[in-house]
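Observations on the model geometry
If you want the building blocks of each chain, they are given just below.
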Amino acid sequence: MRRLGIMGGTFDPIHHGHLVAASEVAHVFALDEVVFVPTGRSSHKEGRVAAAEDRYLMAVIATASNPRFSVSRIDIDRPGPTYTVDTLRDMRELHGPGTELFFITGADALAKMLTWHDTDELFELAHFIGCTRPGHRLTDPGLPNGRVSLMEVPALSISSTECRDRVHAGEPIWYLVPDGIVQYINKRVLYRDRAA
Ligand code: ATP
Ligand code: MG
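Residues numbered from 1 in each chain as written. Chains lettered and ligands numbered in written order. Predicted model: local features only at pLDDT ≥ 70, side-chain atom pairs only at ≥ 80, totals over all residues.

Here we come to helix α7 (residues 160-168). Listing the buried residues of α7 in full gives Ser-160, Cys-163, Arg-164 and Val-167. In a view along the axis of α7, the buried residues occupy a sector of 95°, so they form one face of it. Buried residues in α7 make contact with α8 (179-188). Directly beyond the C-terminal end of α7, a positive phi value near 75° is found at Gly-170. (Buried ≥ 20, exposed ≤ 12 C-beta atoms within 10 Å, placed from the backbone. Helix = DSSP H or I, 4+ residues; strand = E, 2+ residues; numbered from the N terminus. Arc of directions from axis to C-beta. Contact = placed C-beta atoms within 7 Å.)

If you want it as structure tokens, here you go:
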């Protein structure tokens, strides 16, 4: 069985927290590959989000040097808001029965997932891995046994919100994100004109 990690996210922008989490989960769960899947329109994020194409390209730039990382367009090419169940159904169809799916998500996002519909189907489609990061705790672990794991990733208290806020305020984001992402954000003049 091939073991495929799926890291869904807005990636607005992708940062080293995402990359460290994916790398650590890939190591601990012996994953063959991790696919980063930028959302189309997010179903639960209000407010403005950078163009899907920019978020997709930043994910490509940030993962290009890692042979076990790749980026998928399935969510940004599907019309309408992104729901994780659609991502997983498409991935299942794309990769077939020889591939085991591991959906990687922050513990905060995992906790929110409990409030979504279709959780039974979600847990049939993939094993879920919730990464804890500073400031986030799963308070209600009412998750199905055996289909969900929690793991700690090296503490990196970086968020996309903080990166956007810093760009907006004219503060540096060097070393919070890969160098190519700093350069891409400058080149495309992203996040400068709005509070995150
Ligand atoms: P925002 O601040 O806009 O919410 P974010 O930094 O949380 O952005 P997302 O694109 O929402 O980034 O995150 C994608 C996934 O990565 C989510 O499951 C999220 O919980 C997880 N994640 C985000 N930052 C980290 C981090 N520093 N360490 C581990 N996981 C993270
Ligand atoms: Mg988030």
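Now, onward.
Moving on, we come to the site of ligand 1. Lining the immediate environment of ligand 1, one finds 19 residues, of which Gly-9, Gly-17, Gly-106, Ser-160 and Thr-161 sit closest. Where the shell around ligand 1 is concerned, the elements lending two or more residues are α1 (16-28), β6 (99-106), α5 (107-113) and α7. For the shell around ligand 1, the element with the highest residue contribution is α1, accounting for 3 residues. The residue inventory of the shell around ligand 1, partitioned by class, reads 7 nonpolar, 9 polar and 3 charged. (Near = placed C-beta within 6 Å. Nonpolar A, V, L, I, M, F, W, Y, C, P; charged D, E, K, R; others polar.)

Right, let's get into the environment of Ile-14. Structurally, the position occupied by Ile-14 is in the loop between β1 (2-9) and α1. Along the chain, Ile-14 and Pro-178 lie 164 residues apart, while their C-alpha atoms are 8.6 Å from each other. Residue contacts for Ile-14: discarding those within four places in its chain leaves Met-58, Ala-59, Ala-62, Val-177 and Ile-181.

Take the packing of helix α2 (residues 52-63) against α8 next. Across the interface, α2 lies against α8 with an axial gap of 9 Å and an inter-helix angle of 150°. Taken together, the axis directions place α2 and α8 in an arrangement best described as roughly antiparallel. Relative to α8, the crossing made by α2 is right-handed. Between α2 and α8, the contacting residues are Asp-54, Leu-57, Met-58, Ile-61 and Ala-62 on the first element and Gly-180, Ile-181, Tyr-184 and Arg-188 on the second. (Axes fitted to C-alpha atoms, helices over the stretch in contact; angles between N-to-C directions. Parallel < 35°, antiparallel > 145°, perpendicular 65-115°, else oblique. Left-handed = near helix turned anticlockwise from the far one by under 90°.)

What follows deals with the sheet that holds strand β4 (residues 69-71). The strand order across the open sheet formed by 6 strands is β4-β2-β1-β6-β7-β8, and the pairing between neighbours is parallel. Looking at the sheet topology across the chains shown, the edges are occupied by β4 and β8 (148-152). Across the sheet, the mean angle separating the axes of adjacent strands is 25° when strand polarity is ignored. (Pairing = 2+ DSSP bridges.)

Look at α1: 18 Å from first C-alpha to last across 13 residues, which is about the 18 Å you get at 1.5 Å a residue. Taken together, the buried positions of α1 are Gly-17, His-18, Leu-19, Ala-21, Ala-22, Val-25 and Ala-26. One or two residues past the end of α1 sits Ala-30, with phi positive at roughly 50°. (Expected span 1.5 Å × (residues − 1).)

Mapped onto the elements, Arg-188 comes out in helix α8. Measuring from C-alpha to C-alpha, the distance between Arg-188 and Arg-41 comes to 20 Å, with 147 residues separating the pair along the chain.

Now for the pairing of strand β2 (residues 33-38). Counted residue by residue, β2 has 5 buried out of 6 residues, so it is predominantly covered. Pairing geometry for β1 and β2, over 6 bridges, is parallel. Directly across from Gly-5, in β2, lies its bridge partner Val-34. One crossover worth recording links β1 to the parallel β2 by way of α1, and it is right-handed. For β2 and β4, the ladder comprises 3 bridges, and the chain directions are parallel. The residue bridging Phe-36 from the neighbouring strand is Val-71, located in β4. (Right-handed = clockwise from strand over helix to strand, strands pointing away.)

Further remarks concern the confidence of the model for the protein chain. Should the pLDDT be low somewhere, the predicted coordinates at that spot are not to be read in detail. With 88% of its residues at a pLDDT of 70 or more, the protein chain has an overall mean of 89. The ipTM, which scores confidence in the relative placement of chains, is 0.97 for this predicted complex, and the corresponding pTM is 0.92. (pLDDT = per-residue confidence, 0-100.)

Turning our attention to the nonpolar core. Ranked by size, the top nonpolar core spans 42 residues in total, and within it Ile-6, Ala-22, Val-25, Val-34, Phe-36, Ala-59 and Ile-104 carry the most contacts. Residue contacts for Ala-59: discarding those within four places in its chain leaves Phe-11, Ile-14, Phe-36, Pro-38 and Val-71. (Core = buried A, V, L, I, M, F, W, Y, C linked by C-beta atoms within 7 Å.)

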